[in-house]
Amino acid sequence: LGCAVDGHPTPNITWLYSGEPLSLRHRLLAAGRILQILNVSDAPDGEFSCLAQNEAGSLTQKTSLAIQEYRWSVDKLMACSASCGHKGVQLPQLRCFLDGAEVNISHCKEKPKPALHPIACNRRDCPSRWMVTSWSSCTRSCGGGIQMRRVTCQRLTAKGSSVPMSNEACAQVSKRPVDTQNCNRQPCVEWVASSWGQCNGPCIGPRLAVQHRQIFCQTKDGTSVSSDQCSALARPLSTQNCWTDVCGVHWRVSLWTVCTATCGNYGFQSRRVDCVHVRTNKPVLEHHCSWRPRPVNWQRCNITPCENGKLLRGGEAVRGRGGERRQSRLSEMQHC
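Fair warning: this is a prediction, and the values are worked out from it, not measured in the lab. (Residues numbered from 1 in each chain as written. Predicted model: local features only at pLDDT ≥ 70, side-chain atom pairs only at ≥ 80, totals over all residues. Heavy atoms only, no water.)

1. Comments concerning the overall build of the protein
We count it as follows: Numbering of helices and strands runs from the N terminus, with a helix taken as a DSSP run of H or I at least four residues long and a strand as a DSSP run of E at least two residues long. Exposure categories follow from relative accessible area, calculated using a 1.4 Å probe and restricted to protein chains: below 20% of the type maximum is buried, above 50% is exposed, and the middle band is partly exposed. Contact between two residues is taken to exist if any of their heavy atoms lie within 4.5 Å; hydrogens are not considered. Residue exposure ignores everything except the shown protein chains as possible cover, and the areas themselves are Shrake-Rupley values with a 1.4 Å probe.
Of the regular secondary structure elements, the protein holds 2 helices and 26 strands. Relative to its 336 residues, the protein shows a buried fraction of 24%. Within the protein, counting contacts between residues at least 6 apart in sequence, those at least 24 apart form 59% of the total. As presented, the protein carries roughly 23400 Å² of accessible surface, and 51% of it is formed by carbon and sulfur atoms.

Structure (structure tokens):
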């Protein structure tokens, strides 16, 4: 609130409420010419006045404060949630008012909402009516099946219980629902594949040969239909990798030979590695197997220290003096 007075010398300003000094929380600004009420809800309707005094005299200005606040109203009930039975309730309808006039409800959103207590309504027995269960699964997935449900006549009481009634009691109110119906009347279909074609392309190396076949959608009686009708079924492959006779090869390995020594650093053993045909098991040129890593054909073995200075080769001792029981294994080494 402002006190529009001025004078020379500058007057002293005193604020009053209903002729009494201020008791509500406030703040004075602009040398007392402006009164700021910190919480307007603390100020009841009344008259504020400012008294300006100096050596020349005094002057009083008055202003009235009328507070209008948004408020909730719960003086109207919503429609009942049920026409009969035991669950019907009515809730009070919230409305927002300002100075006796209804305004948009958003203006009251900062106001705490009053407690809403539901009121029971229409708590009475319901008329007889047909009750149905869910439909059963169809007896067939295609080609026409039947599904069923249970239909009974019942009445819901005000206490919440369902009482069986005669079919005639419901027939007077409405027609009896059907308890059977046709389902899955679409024709039964399946994917049909032709025979695989010949292998096409090279198969040696990382690129394998492929072969193709035709895929059709048709009914059980052999009638071709649109592929869309088979979309729910897993579609067979129309292309696959294949193996020709020349592709059916692999590396064949023999057993390792006996190690040339039982200890020391010079023992080794070998084995035979051949490229053979899968079906005939006969050797073929090694380049046919080159698209797979070739197994090793020799390795070191028994690499352990020898005791008493004896080196055992091929199961026999080789003595360093006298040349007794000497045995040469050069033939095997040359063979490997």
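Having seen the model, we can carry on.
2. Observations regarding the packing of aromatic side chains
The line we're drawing: Stacked, tilted and edge-to-face pairs are distinguished by plane angle, under 30 degrees for stacked and over 60 for edge-to-face with tilted covering the rest, among Phe, Tyr and Trp rings (Trp via its six-membered ring) whose centres lie within 6.5 Å. Only Lys NZ and Arg CZ are tested; either one counts as a charge over a ring when it is within 6 Å of the ring centre and within 35 degrees of the ring normal.
Within the structure shown, the criterion is met by 1 aromatic pair. An angle of 50° between the planes, with centres 4.6 Å apart, marks the rings of Tyr17 and Phe48 as tilted. Of the two residues, Tyr17 is situated in strand E1 (residues 12-17) and Phe48 in strand E5 (residues 46-54); the sequence distance between them amounts to 31 residues. One residue, Arg235, lies across the ring of Trp191, its end atom 5.0 Å from the ring centre.

3. Details of the side chain of Arg271
Our working rule: When charges are counted, Lys and Arg are positive and Asp and Glu negative, with His and the chain ends excluded. Salt bridge, as applied in this entry: a Lys or Arg side-chain nitrogen positioned within 4 Å of an Asp or Glu carboxyl oxygen. Within 3.5 Å is the distance limit for a polar contact, defined as a pair of N or O atoms, with the added protein rule that one can donate a hydrogen and the other accept it, and that residues adjacent in sequence qualify only through two side-chain atoms.
By the secondary structure assignment, Arg271 is in the loop between strand E22 (268-270) and strand E23 (273-277). Within the buried core, Arg271 has no salt-bridge partner, and the shortest N-O distance to an opposite charge, that of Asp274, equals 10 Å. A distance of 2.8 Å separates a polar side-chain atom of Arg271 from the backbone oxygen of Val296. Excluding residues within four positions of it along the chain, Arg271 makes contact with Val253, Ser254, Leu255, Trp256, Pro295, Val296 and Asn297.

4. Let's talk about unusual backbone geometry
One can expect most non-glycine residues to show negative phi and most peptide bonds to be in trans. Cis geometry is adopted by the peptide bond preceding Pro9, which originates at His8 and carries an omega value of 0°. By the secondary structure assignment, Pro9 is in the segment before E1. With phi around 55°, Ser18 is a residue other than glycine that occupies positive phi space. By secondary structure assignment, the location of Ser18 is in the loop between E1 and strand E2 (20-21). Backbone geometry at Asn302 places phi at a positive 50°, although glycine is not the residue there. Tracing the backbone through its elements, the reader meets Asn302 in the loop between strand E24 (298-300) and strand E25 (311-313). Take Asn302: its relative accessible area is 35%, and that puts it in the partly exposed class.

5. What about the pattern of salt bridges?
Throughout the structure, instances matching the rule amount to 8 salt bridges. Between Asp179 and Arg176 there is a salt bridge, with its nearest N and O atoms 3.6 Å apart. For Asp179, a relative accessible area of 30% gives the class partly exposed. For Arg176, a relative accessible area of 36% puts it in the partly exposed group.

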